[in-house]
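Single-letter residue listing:
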Amino acid sequence: MVRAAVLRGQGELLVVGDIQLPEPGPGQVRVRVVAAGVCHSDLSLANGTLRQPVPAVLGHEGAGVVVSVGAGVTRVGPGDHVVLNWAPPCRECWFCLEGEPYLCERAADAAGVPHAALPDGTPLYPGLGTGAFAEETIVGERAVVKIPTDVPFEQAAVLGCAVLTGAGAVFNTAQVKAGQSVVVVGLGGVGLSVLQAARIAGAGPIVAVDVQPEKEVLARAHGATDFVLADDTTAKTVRKLTDGRGADVAFECAGVPASIRTAWASSRRGGHVVVVGVGSAKAIVEFSALELYFFGRTLTGCLFGSADPDVDIPRLLDLVAAGQLDVAGLVTAEVGLDGIETAFADMRAGRGGRTLVRP
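Cut-offs and rules
Note on numbering: residues in each chain are counted from 1, in written sequence order. Reporting in this predicted model follows two pLDDT cut-offs: at least 70 for local features of residues, and 80 or more for side-chain atom pairs to be given and counted; totals over whole chains, interfaces and linings ignore these cut-offs and use all residues. Side-chain figures throughout are based on the complete set of non-hydrogen atoms in the structure, without hydrogens or water. In this description a helix means any DSSP run of H or I spanning at least four residues, a strand means any run of E spanning at least two, and both kinds are numbered starting from the N terminus. N or O atoms closer than or at 3.5 Å make up a polar contact, with two conditions inside protein: a donor-capable atom paired with an acceptor-capable one, and, for residues adjacent in sequence, both atoms drawn from side chains. Patch membership is restricted to residues that have no salt bridge and whose relative accessible area is over 30%. Joining uses 9 Å for like charges and 5 Å for the nonpolar side chains Val, Leu, Ile, Met, Phe, Trp and Tyr. Per-residue accessibility takes into account occlusion by the displayed protein chains alone, with areas from the Shrake-Rupley method and a 1.4 Å probe. When a carboxyl oxygen of Asp or Glu is within 4 Å of a side-chain nitrogen of Lys or Arg, the pair counts as a salt bridge. We call a residue buried when its accessible area falls under 20% of the maximum for its residue type, exposed when it is over 50%, and partly exposed in between, using a 1.4 Å probe and counting protein chains only. The convention used is that axes are lines fitted to C-alpha atoms, helices contributing only their stretch in contact, and that angles between N-to-C directions extend from 0 to 180 degrees. Working rule for angles: under 35 degrees goes down as roughly parallel, over 145 as roughly antiparallel, 65 to 115 as roughly perpendicular, anything else as oblique. For any pair of crossing helices, the crossing counts as left-handed if the nearer helix is rotated counterclockwise from the farther one by less than a right angle, and right-handed if it is rotated clockwise. In what follows, a contact means two residues having at least one pair of non-hydrogen atoms within 4.5 Å. Charged residues are taken to be Asp, Glu, Lys and Arg, nonpolar residues to be Ala, Val, Leu, Ile, Met, Phe, Trp, Tyr, Cys and Pro, and polar residues to be all remaining types, Gly included. Two strands are said to pair when DSSP picks up at least two bridges between them. The path from the first strand over the helix to the second decides the hand: if it runs clockwise while the strands point away from the viewer, the crossover is right-handed.

Draft legend 1. Just the side chain of Arg 354, in detail. Its place among the elements puts Arg 354 in strand β18 (residues 354-357). Looking at Arg 354, its side chain comes within polar contact range of the side chain of Glu 61, at 2.9 Å.

In structure tokens form, the structure reads like this:
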């Protein structure tokens, strides 16, 4: 038995209690979770915005220590430190073979297979195939990335989603160049990671946009040269800060139609708009045929930062070691398993950066 935060039904509160976690089977790894970040996708799974079989253990951004491994596992062994990977590529499907592992057609398979059980034997599903809001979890071998033992777990945890997605959006999806102007709409953990990566890429100016005025301090600490409070004049203000044209690259990190339209309107003609935020299937964004033609902008979806965790996590750790990437600064609060609902409330209110769970 291990303790975990369990979602019994979408729209319900998480309940902390014991679950039955089996020994790892062939190709599986058992991980003691030391730290897990609370991502907006966890909230979306909890409230029903995204599909999730229930009952489930949520949490997909985490790091910990390998406890044991099943037959045939070669990537890691007991005692290894790892980052959890919620979208492990199979390396065999068409997308993987085309160099797009972030689009792997089998990456989400584990989310639909029970990994544990409630004390009464009811099967439990791992949120996004990971189940990190628990003292321990079971994942497939490809769902862990080994890291050096000197990397603090609180830093390693947020690498698995927030930083990998945000930095990947800059380095991989948009391939931001030195001197390009950037606007970032939405300043949660992902948006703050976009700011840092844009700074590392040499972008400027870097304009941060959010509905919460208190986010300005965080934004500037993570690389923003300017902060704009979101309202009906946001795009006009961004154009004034970018020589009247609009930003070369606009990143949307909230996943809502209004912020996508703001990012679109804040970019220049011929600019690049990257949608990083995970929105609802029911949230519709409209564009006129004329504006799509006239502005000549590129509108790109960005899944998981267009990243390959096996390649990109070591690269990000190099940036951390070099003092260029401040991962620790993303974490603005820490809670136990009982505090996840508080973290969700802060997220809904737009408070802080990343909350870290210490199971």
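Draft legend 2. Seen up close, a nonpolar patch on the surface. Among the surface-exposed residues, Leu 290, Tyr 293 and Phe 294 lie close enough to one another that they form a single nonpolar patch of about 400 Å² accessible area. On the basis of relative accessible area, Leu 290 is assigned to the exposed category, the value being 60%.

Draft legend 3. Focus on the packing of helix α6 (residues 234-241) against helix α7 (residues 257-266). Close contact between α6 and α7 brings their axes to 8 Å; oriented N to C, the two are set at 30°. Compared by their axis directions, α6 and α7 come out roughly parallel. Classified by chirality, the crossing of α7 by α6 is right-handed. Only Thr 262, Ala 265 and Ser 266 of α7 make contact with α6, whose side of the interface consists of Thr 234, Ala 235, Val 238 and Arg 239. Its residues assigned to classes, the contact of α6 with α7 shows three nonpolar, three polar and one charged.

Draft legend 4. Representation of the pairing of strand β13 (residues 226-229) in the model. Bridge count for strand β12 (residues 206-210) against β13 is four bridges, and the pairing is parallel. From the neighbouring strand, Ala 208 faces β13, where its bridge partner is Phe 227. Where the polypeptide runs from β12 across helix α5 (residues 215-221) and back to β13, its parallel neighbour, the crossover connection is right-handed.

Draft legend 5. Geometry of helix α1 (residues 40-47). Most of α1 is tucked away: six of the eight residues are buried. Those residues of α1 hidden inside the fold are in contact with β1 (2-7), β3 (28-38) and α10 (340-349).

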